[in-house]
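Each chain, letter by letter, is given below.
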Amino acid sequence: MQKEISRIFKTLIFGGEVSLAVLDTTSLVNEAIRIHHLSPTAAAALGRTLTASAYLCSWLKDEDDALSVTIKGDGAGGQIGVSGDSSLGMRGFIEHPDVSLPPRADGKLDVGACVGKHGTLTVIREEKGALPFVGTTELVSGEIAEDFSAYFLISEQRPTAFALGVKISPEGKCIGAGGVILQPLPGAGEESISKTEEAIAKYSAVSTLIAEKGAEGILRGDFGAENWTEREISYRCHCSREKIADILRSMGREELGRIVSEDGKVSVHCHYCNTDYDFYPKDIAELFCDGE
């Protein structure tokens, strides 16, 4: 059985005046569900954020470039955090992964109530040879696609249309996730901008289209694209016991000794991969070479 792989496809359309990106992030969302035991609503919220963040990371150029997105809303799901790099290794979390909300009147998952309508979306971009860029905008609706569109318009000064979606089966598995993102290039004519607005309106059910047609089907069938670039997206956390040990060592023997005396161990939890690292007195001693 062929392994499912998430991908981003990019091309130019409308006479080369508009950049088009189509993402299939179904496997990425399923990995997030597996790691964090996400409820359907939490999976939809985190999955949309992972998809949009992967698009942002696809513009990073150098090997060590990185990006993080934080959504702090007043919804039931709490804070959402996603990080990624130029190789499109993505990871993320949602504060309340088990959040349970009734569906909207149209039967769809209520991502807006999960995220909240009041709060902020913050993007931090770290690129080689430049100071970190920090852009923050107010949430528009909590539907995430609209919030990222507002972010691009306000912080990046680049009008960008987002359609994002995550479809979850009754068994809790993601059966379709991804996005269609259209960005008029500088100097794009009014006709191309009008076509962009008309095109994005067709993707209110983008997750279903991804499941039925696939990303390449959207590229060929909907936009008549013949050539594009293609890159893989994966869920990848950079934490390890060795890296955590280095962080603990920097805290100093006295502080770690105080924690061990109170709790019997030092515990560190990675939000991105939902892994707990426990260091007992023997482990702490070895950090400072006392175990030799």
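Residues numbered from 1 in each chain as written. Predicted model: local features only at pLDDT ≥ 70, side-chain atom pairs only at ≥ 80, totals over all residues. Heavy atoms only, no water.

Caption draft 1: Seen up close, the overall build of the chain. For the chain, the count of helices and strands is nine helices and twelve strands. Here the chain has a C-alpha radius of gyration of 21 Å; the compact-globule value for 292 residues is 19 Å, and the two agree. C-alpha atoms of the chain, sized along the principal axes, occupy 70 × 45 × 45 Å. Of all 292 residues assigned to the chain, the portion counted as buried reaches 50%. In the chain, of all internal contacts separated by at least 6 residues, the share reaching a separation of at least 24 is 62%. (Helix = DSSP H or I, 4+ residues; strand = E, 2+ residues; numbered from the N terminus. Rg over C-alpha atoms; globule rule 2.2 N^0.38 Å. Buried < 20%, exposed > 50% of the residue type's maximum accessible area, 1.4 Å probe, protein only. Contact = heavy atoms within 4.5 Å.)

Caption draft 2: Representation of the packing of aromatic side chains in the model. Within this structure, the stated rule accounts for nine aromatic pairs. Judged by centre distance (6.4 Å) and plane angle (85°), the ring pair of F9 and W228 falls under edge-to-face. Within this pair, whereas F9 is found in strand β1 (residues 6-13), its partner W228 is found in the loop between α6 (206-223) and β10 (229-235), the two being separated by 219 residues in sequence. Classification of F9 by relative accessible area gives buried; the value is 3%. Ring geometry for F93 against Y272: centres 5.7 Å apart, planes inclined by 65°, an arrangement best described as edge-to-face. Here the residue F93 occupies a position in strand β5 (residues 89-94), and Y272 occupies one in the loop between β11 (266-270) and β12 (275-279), the gap between them amounting to 179 residues. A residue is classified by how much of its surface remains accessible, and F93, at 15% relative accessible area, is buried. Taken together through their ring pairs, the aromatic side chains of Y55, W59, F148, Y151, F152 and F162 make up a single cluster. A cation over an aromatic ring shows up here: R91 above the ring of Y272, its NZ or CZ 5.7 Å from the ring centre. When the ring centre of F279 is taken as origin, the NZ or CZ atom of R241, which lies over that ring, is 4.1 Å away. (Phe/Tyr/Trp six-rings, centres within 6.5 Å; stacked < 30°, edge-to-face > 60°. Lys NZ or Arg CZ within 6 Å of the ring centre and 35° of its normal.)

Caption draft 3: Here's a closer look at unusual backbone geometry. Positive phi outside glycine occurs at L88, with the angle close to 65°. Secondary-structure assignment places L88 in the loop between β4 (80-85) and β5. Positive phi, normally seen in glycine, also occurs at I144, with a value near 75°. Mapped onto the fold, I144 is located in the loop between β7 (133-138) and α4 (145-155). The buried category is assigned to I144, whose relative accessible area is 0%.

Caption draft 4: Fine view of the state of the cysteines. In total, this model carries zero disulfides according to the counting rule given. Of all cysteine sulfurs in the structure, the one in C237 sits closest to C57, which takes part in no disulfide; the separation is 14 Å. C174 supplies the cysteine sulfur nearest to C114, a cysteine that is in no disulfide, at a spacing of 15 Å. Residue C114 is classed as buried on the basis of its relative accessible area, which comes to 0%. (Disulfide = S-S within 2.5 Å.)

Caption draft 5: Molecular detail of the side chain of S192. Within the fold, S192 resides in helix α5 (residues 190-200). On the accessibility criterion, S192 (6% relative accessible area) is buried. In this view, S192 contacts F14, E17 and V18; residues no more than four positions away in its chain are not counted.

Caption draft 6: Representation of the pattern of salt bridges in the model. Applying the stated criterion across every chain yields a total of 18 salt bridges. We note a salt bridge from R48 to E143, for which the minimum N-O separation is 3.3 Å. Of the two residues, R48 sits in helix α2 (residues 40-57) while E143 sits in the loop between β7 and α4, which places them 95 residues apart along the sequence. In this structure, R48 and E143 share a single accessibility class: buried. Here E255 and R258 are joined by a salt bridge, their closest N and O atoms 2.7 Å apart. With E255 and R258 both in helix α8 (residues 253-263), this residue pair falls three residues apart, about one helical turn. Judged by its relative accessible area of 39%, R258 falls in the partly exposed class. Here the salt bridges share partners, and the residues they tie into one network are R48, R104, D106 and E143. (Salt bridge = Lys/Arg side-chain N within 4 Å of Asp/Glu carboxyl O.)

Caption draft 7: Focus on the packing of helix α1 (residues 26-36) against α2. Contact geometry for α1 and α2: axes closest at 10 Å, N-to-C directions at 130°. By the criterion of interaxial angle, the relationship of α1 to α2 is oblique. Crossing of α1 against α2: the hand is right-handed. Packed against α1, whose contacting residues are L28, V29, A32, I33 and H36, the element α2 presents A43, L46, G47 and L50 at the interface. The residue inventory of the contact of α1 with α2, partitioned by class, reads seven nonpolar, two polar and no charged. (Axes fitted to C-alpha atoms, helices over the stretch in contact; angles between N-to-C directions. Parallel < 35°, antiparallel > 145°, perpendicular 65-115°, else oblique. Left-handed = near helix turned anticlockwise from the far one by under 90°. Nonpolar A, V, L, I, M, F, W, Y, C, P; charged D, E, K, R; others polar.)

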